[in-house]
Amino acid sequence: MNAPLIYSPEVTEARAKGTPIVALESTIITHGMPYPQNVETARMVEEDIRVAGAVPATIAIMDGSIHIGLTDAQLDTLAQAMGVAKLSRADLAACLATGGIGATTVAATMICAHLAGIAVFATGGIGGVHQGAEHSFDISADLQELAATPVTVVAAGAKAILDLPKTLEVLETLGVPVIAVGQDAFPAFWSRDSGLPAPLRLDDPEQIARAHRMRATLGLPGGQLVANPIPEDAEIPSATLAPMIAKAQVEAEAQGITGKGVTPFLLQRLFELTDGQSLASNIALVRNNARLAAAIAQHLPD
Ligand code: PSU
Ligand code: MN
């Protein structure tokens, strides 16, 4: 049985011509941003990739198929649909088997991108080790996916709602290269500097692509996390955010939010607590990541 992949017309053409392709996730659309900014952002990010000379492939599950690239109408449907499932590695097959509608997280998008032969993927932030994970065991499946699936993921680091030191420790244990771009520090999503050094630094997109290929040559499974700091003018200082994050976390605990609900709840509360500033920053950093991913994709595959 072949994987049920459906390529959009634009992606089909890119595959035929050998144009570089950049994968995009859909959970950021359905669970990461409110409508209509979610669909507006998705369109802008796709356009950023085209302007940079690559073709965007937003990935989502609909009607029992993995869609690699969405038409305008499909993107609209997804952005407005109610009750879209948030799909990670564990949920992908069941959603396909039942014909439901689902958005792919970083982990699920990596799996689908790899099935489609796409090596580079741009997003906002990856999931990681949540604060209090020593009690909740809440560690995103994104981390294990980076260790298993050969896709280079461009993100603005990990969100400050996570325990960043523990997230970096787990990535190190799993053998995932964490590569900062343009600076030595590991970026923290809305802020450029987490205060933690990144394990690796590569400033040249071609070298990042070469490192990706070299892992395959060496027989090493898994991908790379490219940590691209948010543009300076869009940054929110971590001192401003820290008390808001703490407040949102207390609320999440008080309301009994667990599992898949945690990240969407915290993002929505930060949107409210920052009067929308967290969303403006989120949009700026995703676009910045899309441009870098397109530059890396120019050099992949060989
Ligand atoms: N980054 C964002 N918005 C999001 C996410 C990341 O700016 O909505 C999503 C991604 O899809 C990521 C997921 O894979 O959150 C992580 O969820 P969890 O912590 O439940 O694994
Ligand atoms: Mn989780």
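Let us look at the structure shown here. (Residues numbered from 1 in each chain as written. Chains lettered and ligands numbered in written order. Predicted model: local features only at pLDDT ≥ 70, side-chain atom pairs only at ≥ 80, totals over all residues. Heavy atoms only, no water.)

1. Structural notes on the side chain of Thr-109
Step number 1: Here Thr-109 shows up in helix α6 (residues 106-115).
Step number 2: When its relative accessible area of 0% is taken as the criterion, Thr-109 is described as buried.
Step number 3: There is a polar contact of 2.8 Å between the side chain of Thr-109 and the side chain of Thr-104.
Step number 4: If we skip the residues at most four places from it in the chain, Thr-109 touches Ala-23, Leu-24, Glu-25, Ile-59, Thr-104 and Phe-121. (Helix = DSSP H or I, 4+ residues; strand = E, 2+ residues; numbered from the N terminus. Buried < 20%, exposed > 50% of the residue type's maximum accessible area, 1.4 Å probe, protein only. Polar contact = N/O pair within 3.5 Å; in protein donor to acceptor, adjacent residues only side chain to side chain. Contact = heavy atoms within 4.5 Å.)

2. Observations regarding the nonpolar core
Step number 1: Membership of the largest hydrophobic core comes to 98 residues, with the highest contact counts inside it found for Ile-68, Ile-126, Val-153, Phe-186, Leu-225 and Ile-296.
Step number 2: Looking at this core element by element, the count peaks at ten residues for helix α13 (residues 277-297). (Core = buried A, V, L, I, M, F, W, Y, C linked by side-chain atoms within 4.5 Å.)

3. Quick word on the layout of surface pockets
Step number 1: The computed volume of the largest pocket comes to approximately 570 Å³.
Step number 2: Around the largest pocket sit 34 residues that line it, and Lys-86, Thr-105, Ser-140, Asp-142 and Thr-263 are the ones nearest its centre.
Step number 3: Residue assignment for the lining of the largest pocket shows that the elements contributing at least two residues are α2 (27-30), α8 (141-148) and α12 (262-273).
Step number 4: For the lining of the largest pocket, the leading source of residues is α12, giving four residues.
Step number 5: Residue composition of the lining of the largest pocket, grouped by class: twelve nonpolar, 15 polar and seven charged. (1 Å grid on protein atoms, 1.4 Å probe; cavity = no way out; pocket = protein on both sides within 12 Å on 5 of 7 lines; lining within 4 Å. Points joined across faces, edges and corners; volume = space filled by probe spheres on them. Nonpolar A, V, L, I, M, F, W, Y, C, P; charged D, E, K, R; others polar.)

4. What to know about the pattern of salt bridges
Step number 1: This structure, assessed with the given rule, holds 19 salt bridges.
Step number 2: Glu-46 serves as the salt-bridge partner of Arg-50, at 3.4 Å between the closest nitrogen and oxygen. Of the two residues, Arg-50 and Glu-46 both sit in helix α3 (residues 37-51), four residues apart, roughly one turn of that helix.
Step number 3: Since its relative accessible area comes to 5%, Glu-46 is described here as buried.
Step number 4: Of the charged contacts in the structure, one is a salt bridge between Arg-89 and Glu-145, with a shortest N-O distance of 2.7 Å. Residue Arg-89 is found in the loop between β5 (85-87) and α5 (92-98), and its partner Glu-145 is found in helix α8; the two are separated by 56 residues along the sequence.
Step number 5: Counted as one network, the salt bridges with shared partners bring together Glu-10, Glu-46, Glu-47 and Arg-50. (Salt bridge = Lys/Arg side-chain N within 4 Å of Asp/Glu carboxyl O.)

5. Concerning the site of ligand 1
Step number 1: If you check the shell around ligand 1, you find 17 residues, and the closest are Glu-25, Lys-86, Val-106, Ser-140 and Asp-142.
Step number 2: Within the contact set of ligand 1, an oxygen atom lies 2.6 Å away from a side-chain nitrogen or oxygen of Glu-25.
Step number 3: Contacts to ligand 1 include Gly-125, whose backbone N or O atom sits 3.1 Å from a nitrogen atom.
Step number 4: Burial of ligand 1 by the surrounding chains reaches 94%, relative to a free accessible area of 480 Å².
Step number 5: With respect to the pocket detection grid, ligand 1 is positioned in the largest pocket.
Step number 6: The set of elements that each furnish at least two residues to the shell around ligand 1 consists of α2 and α12.
Step number 7: Residue classes in the shell around ligand 1 are distributed as four nonpolar, nine polar and four charged. (Near = heavy atom within 4 Å. Areas by Shrake-Rupley, 256 points an atom, 1.4 Å probe, with all protein chains shown as cover. Sits in = over half its atoms within 2 Å of the grid points.)

6. Considering unusual backbone geometry
Step number 1: For the peptide bond that leads from Tyr-35 to Pro-36, omega is 5°, which places it in the cis range.
Step number 2: Inspection of the secondary structure puts Pro-36 in the loop between α2 and α3.
Step number 3: For Phe-137, which is not a glycine, the phi torsion comes out positive at approximately 60°.
Step number 4: By secondary structure assignment, the location of Phe-137 is in the loop between α7 (133-136) and α8.
Step number 5: For Phe-189, which is not glycine, the phi torsion reads 60° and is therefore positive.
Step number 6: Using a relative accessible area of 1% as the deciding quantity, one classes Phe-189 as buried.

Structural measurements only, silent on function.
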